Amino acid sequence: LKRTKEVYKNRFWIFIGFILIYGFLFLIQQIVGVRFKAVEDPSLLIVLSAMLYSIIIWTISCWLSIALVCAIRDRKEGIGVKESLRRSWSKILPVVWVSFLTTSVILGGSVLLIIPGIIFAIWFLFPVLILITEDTRGMNALLKSREYVKGNWWSIVGRISVVLISIGLIMVGIIGIVMALSFLL
């Protein structure tokens, strides 16, 4: 935790830069999304435009996420947002491939039953991070993720559980507040 706090402290303005880019992207997405929804009888051109737009937004979001990890990975070099974006561009397709492999393996485990699916989901939690930080690609990233989890399975499950329960409680609180306010109005 101490090291994490130090990273956040030292890279604060870089993180703010990424937050601003994400915010701008979200704003554009909302504006364009409203325009697409306003069309009452969408033509094929509108549908194809919406699909292309979605692919572009997804690609930019993926690129930003990879760049953020690169900014953390290369923090000792003091790189900024622009340089981390430059370094991360070449990782987009490998990340898509590793994500596809990860999803396929986890879904394959889930077909076997719920428990194997959960085991696979924990084992293969880190391949994208391994790809970005260690440049280990494809199935090797998945296998390395499993090796990292080996011996730490329960502590990882515990941490994930704490995060998911916390998010759930926050969501229940927010929904409760919204419902209470809706009854008052």
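Scroll up a little and you will see the structure.
Small disclaimer: the values here were computed from a predicted structure and weren't measured. (Residues numbered from 1 in each chain as written. Predicted model: local features only at pLDDT ≥ 70, side-chain atom pairs only at ≥ 80, totals over all residues. Heavy atoms only, no water.)

Observations regarding a nonpolar patch on the surface
So, point 1. Residues Val-163, Leu-164, Ile-167, Ile-170, Met-171, Ile-174, Ile-175, Val-178, Met-179 and Phe-183 make up a contiguous nonpolar surface patch of about 1,000 Å² in total accessible area.
So, point 2. If you trace the backbone, Ile-167 turns up in helix α9 (residues 153-184). (Patch = residues over 30% accessible without salt bridge, like charges linked within 9 Å, V, L, I, M, F, W, Y side chains within 5 Å. Areas by Shrake-Rupley, 256 points an atom, 1.4 Å probe, with all protein chains shown as cover. Salt bridge = Lys/Arg side-chain N within 4 Å of Asp/Glu carboxyl O. Helix = DSSP H or I, 4+ residues; strand = E, 2+ residues; numbered from the N terminus.)

Observations concerning the state of the cysteines
So, point 1. Summed over the entire model, instances satisfying the criterion amount to zero disulfides.
So, point 2. Not engaged in a disulfide, the cysteine Cys-62 finds its nearest cysteine sulfur in Cys-70; these two sulfurs lie 11 Å apart.
So, point 3. A relative accessible area of 11% places Cys-62 in the buried class.
So, point 4. With a relative accessible area of 0%, Cys-70 lands in the buried category. (Disulfide = S-S within 2.5 Å. Buried < 20%, exposed > 50% of the residue type's maximum accessible area, 1.4 Å probe, protein only.)

Let's talk about the nonpolar core
So, point 1. Cys-62, Ile-66, Val-69, Cys-70, Ile-92, Val-95, Val-98, Leu-101, Phe-124, Leu-131, Ile-132 and Leu-142 form the largest nonpolar core, which has 12 residues in total.
So, point 2. The set of elements that each furnish at least two residues to this core consists of α3 (44-73), α5 (92-112) and α7 (127-134).
So, point 3. If we ignore the near neighbours within four places in the chain, the residues touching Ile-66 are Ser-88, Lys-91, Ile-92, Val-95 and Ile-132.
So, point 4. One finds Leu-25, Tyr-53, Ile-57 and Ala-67 within the second-largest nonpolar core, a separate group that totals 10 residues. (Core = buried A, V, L, I, M, F, W, Y, C linked by side-chain atoms within 4.5 Å. Contact = heavy atoms within 4.5 Å.)

Observations concerning the pattern of salt bridges
So, point 1. Evaluated as defined, the whole model comprises nine salt bridges.
So, point 2. The salt bridge involving Asp-74 is made with Arg-87; its shortest N-O contact spans 2.8 Å. One end of the pair, Asp-74, is in the loop between α3 and α4 (81-88); the other, Arg-87, is in helix α4, and 13 residues separate them in sequence.
So, point 3. By relative accessible area, Asp-74 is classed as buried at 9%.
So, point 4. Overlapping salt bridges bring together Arg-73, Asp-74, Glu-77, Glu-83, Arg-86 and Arg-87 as one network.

What about the side chain of Ser-88?
So, point 1. Of note, Ser-88 is situated in helix α4.
So, point 2. Among the polar contacts made by the side chain of Ser-88, one reaches the main-chain carbonyl oxygen of Ser-84 at a distance of 2.9 Å.
So, point 3. Setting aside residues no more than four positions away along its own chain, Ser-88 makes contact with Trp-63, Ile-66, Ala-67 and Cys-70. (Polar contact = N/O pair within 3.5 Å; in protein donor to acceptor, adjacent residues only side chain to side chain.)

Describing α4
So, point 1. Every buried residue of α4 is accounted for by Val-81, Ser-84, Leu-85 and Ser-88. Along the long axis of α4, the arc covered by the buried residues comes to 105°, so they all point the same way. Of the residues in α4, the exposed ones pointing more than 90 degrees away from the buried face are Lys-82 and Arg-86. (Arc of directions from axis to C-beta.)

Notes on the packing of α3 against α5
So, point 1. Across the interface, α3 lies against α5 with an axial gap of 10 Å and an inter-helix angle of 95°. When the axes of α3 and α5 are compared, the pair comes out roughly perpendicular. Residues Trp-58, Thr-59, Cys-62, Trp-63 and Ile-66 of α3 form the contact with α5, whose own contacting residues are Ile-92, Val-95 and Val-96.
So, point 2. Partitioning the contact of α3 with α5 into residue classes produces seven nonpolar, one polar and no charged. (Axes fitted to C-alpha atoms, helices over the stretch in contact; angles between N-to-C directions. Parallel < 35°, antiparallel > 145°, perpendicular 65-115°, else oblique. Nonpolar A, V, L, I, M, F, W, Y, C, P; charged D, E, K, R; others polar.)

A word on the layout of surface pockets
Taking a probe equal in size to a water molecule and rolling it over the atoms shows the remaining empty space.
So, point 1. Size it by volume and the largest pocket reaches roughly 750 Å³.
So, point 2. Taken together, 15 residues make up the lining of the largest pocket; nearest its centre are Arg-3, Thr-4, Val-7, Ile-72 and Arg-75.
So, point 3. Looking at the lining of the largest pocket, the elements that each hand over two or more residues are α1 (2-10), α2 (12-38), α3 and α7.
So, point 4. For the lining of the largest pocket, the class distribution of residues is 11 nonpolar, two polar and two charged. (1 Å grid on protein atoms, 1.4 Å probe; cavity = no way out; pocket = protein on both sides within 12 Å on 5 of 7 lines; lining within 4 Å. Points joined across faces, edges and corners; volume = space filled by probe spheres on them.)

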